[in-house]
Amino acid sequence: MAEHLTIQGETKEEKYQTLLPQAQALVQYEDDQIAALANLTAALHSTFDWLWTGFYLVKNQQLVLGPFQGPIACTRIAHGKGVCGSAWAQNRTLVVPDVDAFPGHIACSSSARSEIVVPVHNSKGEVVAVLDVDSSSLDQFDATDARYLEQICQALQHLF
């Protein structure tokens, strides 16, 4: 795949519709985990101009910072802690409209106001990573983001 994106549309849905096949193609034939995650992070971040976009990888029973775009981030997150650790523990996507209202939220950046975290699964269905996205706006993420980001994360299964 060429190293550029062509994103069209005005609405979030339209942008995701043009991004999804390109994101899937970007990682489909790549077998290097870091390369695939780094390019996918850049594609998502540049398309939506979020505050922070990145992956945490499950290593030694904790989430460890992986490829990301945005301000410096927390390096390690415990199972069940914060939004990322909770999404991992609950094995489900979490959409948080106001991070200050989320019990136990870990403030890696004081600019973060809302967040979505999507688990990444291996072929056995185990959570092996999470995609974490932060916005500096309240209530930035919704079911549309969850649906498309889950599809994008499904394309990563072969890397784990």
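A.B. asks: Where do I start with the overall build of the protein in this structure?
C.D. replies: Within the protein, the secondary structure is distributed over four helices and six strands. Taken from the N to the C terminus, the helices and strands of the protein come in the order α-α-β-β-β-α-β-β-β-α. The C-alpha atoms of the protein give 14 Å as radius of gyration, which agrees with the globular expectation for 160 residues (15 Å, within 12%). Its C-alpha atoms give the protein principal-axis dimensions of about 40 × 35 × 25 Å. Across the 160 residues of the protein, 46% fall into the buried class. Restricting the contact set of the protein to residue pairs at least 6 apart, pairs at least 24 apart contribute 52%. Accessible surface, the protein as shown: approximately 7,900 Å² in total, 46% of it carbon and sulfur. When the 9 positive and 18 negative side-chain charges of the protein are each reduced to one mean point, those points stand 8 Å apart.

A.B. asks: Sorry, what's going on with the packing of aromatic side chains here?
C.D. replies: For any pair of aromatic rings, the description consists of the separation of the ring centres together with the inter-plane angle of the planes. Applying the stated criterion to the full structure yields six aromatic pairs. Considering the side-chain rings of Y16 and F48, the 4.5 Å spacing of their centres and the 40 degrees angle between planes classify their relative orientation as tilted. Of this pair, Y16 sits in helix α1 (residues 12–28) while F48 sits in helix α2 (residues 33–48); the two residues are 32 residues apart in sequence, bridging distant segments of the chain. Accessibility expressed as a relative area gives 0% for Y16, which makes it buried.

A.B. asks: Sorry if this is basic, but what is going on with the side chain of D145 here?
C.D. replies: Take D145: it is sitting in helix α4 (residues 143–154). At 3.0 Å, the side chain of D145 forms a polar contact with the backbone nitrogen of D142. If we ignore the near neighbours within four places in the chain, the residues touching D145 are K12, Y16, W50, I116 and Q140.

A.B. asks: Please explain the pattern of salt bridges as it appears in this structure.
C.D. replies: Side chains that differ in charge, positive against negative, can pair when their charged atoms come close. This model, assessed by the stated rule, comprises three salt bridges. Two residues, K12 and D142, come together in a salt bridge whose shortest N-O distance is 3.3 Å. Here K12 is found in helix α1, whereas its partner D142 is found in the loop between β6 (127–135) and α4, with 130 residues between them in sequence. Using a relative accessible area of 33% as the deciding quantity, one classes D142 as partly exposed. The partner of R147 in a salt bridge is E13, and the shortest N-O contact between them spans 2.9 Å. In this pair, R147 is assigned in helix α4 and E13 in helix α1, connecting sequence segments 134 residues apart. One salt-bridge network, in which partners are shared between bridges, spans K12, D142 and D145.

Parameters at a glance
- Residues numbered from 1 in each chain as written.
- Predicted model: local features only at pLDDT ≥ 70, side-chain atom pairs only at ≥ 80, totals over all residues.
- Heavy atoms only, no water.
- Helix = DSSP H or I, 4+ residues; strand = E, 2+ residues; numbered from the N terminus.
- Rg over C-alpha atoms; globule rule 2.2 N^0.38 Å.
- Buried < 20%, exposed > 50% of the residue type's maximum accessible area, 1.4 Å probe, protein only.
- Contact = heavy atoms within 4.5 Å.
- Areas by Shrake-Rupley, 256 points an atom, 1.4 Å probe, with all protein chains shown as cover.
- Lys, Arg positive; Asp, Glu negative; His and termini not counted.
- Charge placed at Lys NZ, Arg CZ, Asp CG, Glu CD.
- Phe/Tyr/Trp six-rings, centres within 6.5 Å; stacked < 30°, edge-to-face > 60°.
- Polar contact = N/O pair within 3.5 Å; in protein donor to acceptor, adjacent residues only side chain to side chain.
- Salt bridge = Lys/Arg side-chain N within 4 Å of Asp/Glu carboxyl O.

Scope: geometric values only; no functional claims are made or implied.
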